[in-house]
Amino acid sequence: MSIRTVKQAIKKFNKFLITSHINPEGDAIGSQVAMARLLRKLSKESVMLDESPVPQVLKFLPGSENIFKEMPHDFNYQAVIMLDCPDITRAGRVNEYIKKDSVIINIDHHISNINFGNFNWVDPDISSAGEMVYDLFKAFKLKIDMEEAVSLYAAIMTDTGSFRYSNTSSKTHRIIAEIIDIGVKPYEIHTKIYETSSIQDTNLLGEALQTMKLTEDGKVAWLWVTKDMLKKTKASLEGTEGIINFARSIDGVEIAILFRETGTDERVKVSFRSKGKVDVNKLAGVFGGGGHPTASGCSVFGKFEDVEKKVLEKAKEMVNNKSYIP
């Protein structure tokens with residue numbers, strides 16, 4: 001399906017539930033608040049609902065304060081818009097509020113998306129869900145104001161790694177140029193998201209870097225964030241964002257892996273990054289996860305030593321078998 005199909009679906013309904021994946025980042029939050037404002041300009045109602053809270057560094061985004069963790073009892077939606085969510089289960093506890101016969105509009109750019117919606121607009125060639133919402137503004141011929149521009153900029157910037165990743169296209173830059181012309185100041189947003197951290201999160205980075213290891217051939221690098229580290233440093237889970245990039249930046253590394261203990265159960269969250277040669281979406285898929293060819297993740301149940309062993313075995317196998325991106 002295409003943007004035209006999604007546009008027609010949005011026209012058909014008047015009340016929407018908007019959601020995204022658990023542990024949302026810039027693209028998830030930015031695209032949601034921009035979508036809510038788009039619907040309001042169409043004289044439609046919406047409620048934004050996420051399992052996880054808005055990360056502290058993204059609370060400056062206009063409208064992010066309106067993202068609920070519990071469904072308002074007096075709101076009866078007609079359709080669900082899921083943004084940046086490759087699998088409906090990734091919405092977490094929000095699924096408890098989604099009725100079995102709900103109409104779902106699935107808007108996503110992950111190559112691993114399973115087209116779970118009644119209306120699916122899935123395009124892995126688009127940089128971000130934020131860019132897709134921008135396209136919807138254009139499709140509806142709606143003018144983008146300053147607050148919407150800020151949210152769209154944050155969404156696109158974060159999911160392209162500040163326009164460094166391979167998903168950044170010439171179209172992406174043309175969109176950003178238009179957003180800057182509206183009045184967005186790139187340095188201010190970059191500073192708020194990437195240059196605002198606590199001493200606790202900085203201490204966590206120091207702890208994690210001490211766990212860094214490389215395979216003998218130097219092609220796989222990995223590191224850990226454990227519950228003990230979080231307790232010791234009093235850092236937040238948000239503080240783990242970006243740590244994996246230190247592993248990816250090492251010369252010669254083709255796959256970077258961050259293992260993170262979460263919750264009280266034996267579940268390890270695993271993040272994968274590559275520099276553009278190895279398809280880590282396939283690697284994450286082995287363990288029931290997914291994402292993008294250069295950035296993916298999964299959750300693996302088991303003791304962390306066991307999880308590390310089996311994930312590393314698959315990572316080495318991929319590198320040795322040259323499971324590269326075409």
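Residues numbered from 1 in each chain as written. Predicted model: local features only at pLDDT ≥ 70, side-chain atom pairs only at ≥ 80, totals over all residues. Heavy atoms only, no water.

Asks: Outline the sheet that holds strand β3 (residues 67–68), supporting the account with residue identities and numerical values.
Replies: Overall, parallel pairing links the six strands, which are arranged β3-β2-β1-β4-β5-β6 in an open sheet. One side of each edge strand has no neighbouring strand; the edge strands of this open sheet are β3 and β6 (119–122). With four bridges joining them, strand β1 (residues 15–19) and strand β4 (residues 79–83) adopt parallel strand pairing. Directly across from Ile18, in β4, lies its bridge partner Ile81. (Pairing = 2+ DSSP bridges. Helix = DSSP H or I, 4+ residues; strand = E, 2+ residues; numbered from the N terminus.)

Asks: Give me the lowdown on the sheet that holds strand β10 (residues 267–274), citing residues and values where you can.
Replies: Strand order in the open sheet formed by six strands is β7-β8-β9-β10-β12-β11, with mixed pairing between adjacent strands. Edge strands, defined here as strands with exactly one partner in the open sheet, are β7 (213–214) and β11 (290–291). Relative to strand β12 (residues 295–301), β11 runs antiparallel, the two sharing two bridges. For Gly291, the partnering residue across the bridge sits in β12 and is Ser296. Packed onto the sheet, helix α11 (residues 304–320) meets β8 (220–225), β9 (255–262), β10 and β12 and runs at close to 165 degrees relative to β9. (Contact = heavy atoms within 4.5 Å. Axes fitted to C-alpha atoms, helices over the stretch in contact; angles between N-to-C directions.)

Asks: How would you sum up the packing of helix α1 (residues 3–12) against helix α3 (residues 129–139)? Please name residues and give values.
Replies: Each pair of packed helices can be summarised by the angle the axes make with each other and by the distance between the axes. The N-to-C vectors of α1 and α3 enclose an angle of 70 degrees; their axes lie 11 Å apart at closest approach. With respect to α3, the element α1 is oriented roughly perpendicular. By crossing handedness, the relation of α1 to α3 is classed as right-handed. Note on element contacts: α3 touches α1 through Asp135, Leu136 and Ala139, opposite Ile3, Val6, Lys7 and Ile10. Along the lines of polarity and charge, the residues of the contact of α1 with α3 split into five nonpolar, no polar and two charged. (Parallel < 35°, antiparallel > 145°, perpendicular 65-115°, else oblique. Left-handed = near helix turned anticlockwise from the far one by under 90°. Nonpolar A, V, L, I, M, F, W, Y, C, P; charged D, E, K, R; others polar.)

Asks: Give me the nonpolar core: which residues, what numbers.
Replies: By size, the foremost hydrophobic cluster in this structure holds 47 residues, and its most contacted members are Met35, Ile107, Leu136 and Ile179. Leave out the neighbours within four places in its chain, and Ile107 touches Val6, Met35, Ile81, Met82, Leu83, Asp84, Trp121, Met132 and Leu136. (Core = buried A, V, L, I, M, F, W, Y, C linked by side-chain atoms within 4.5 Å. Buried < 20%, exposed > 50% of the residue type's maximum accessible area, 1.4 Å probe, protein only.)

Asks: Could you give an account of the pattern of salt bridges, with specific residues and numbers?
Replies: Counting across every chain of the model gives eleven salt bridges. Here Lys171 and Asp135 are joined by a salt bridge, their closest N and O atoms 2.8 Å apart. Linking Lys171 in helix α5 (residues 170–182) with Asp135 in helix α3, this pair joins segments that are 36 residues apart in sequence. Under the relative-accessibility criterion, Lys171 is labelled partly exposed at 28%. Classification of Asp135 by relative accessible area gives buried; the value is 13%. Within the structure, one salt-bridge network assembled from shared partners comprises Arg37, Lys41, Asp145, Glu147 and Glu148. (Salt bridge = Lys/Arg side-chain N within 4 Å of Asp/Glu carboxyl O.)

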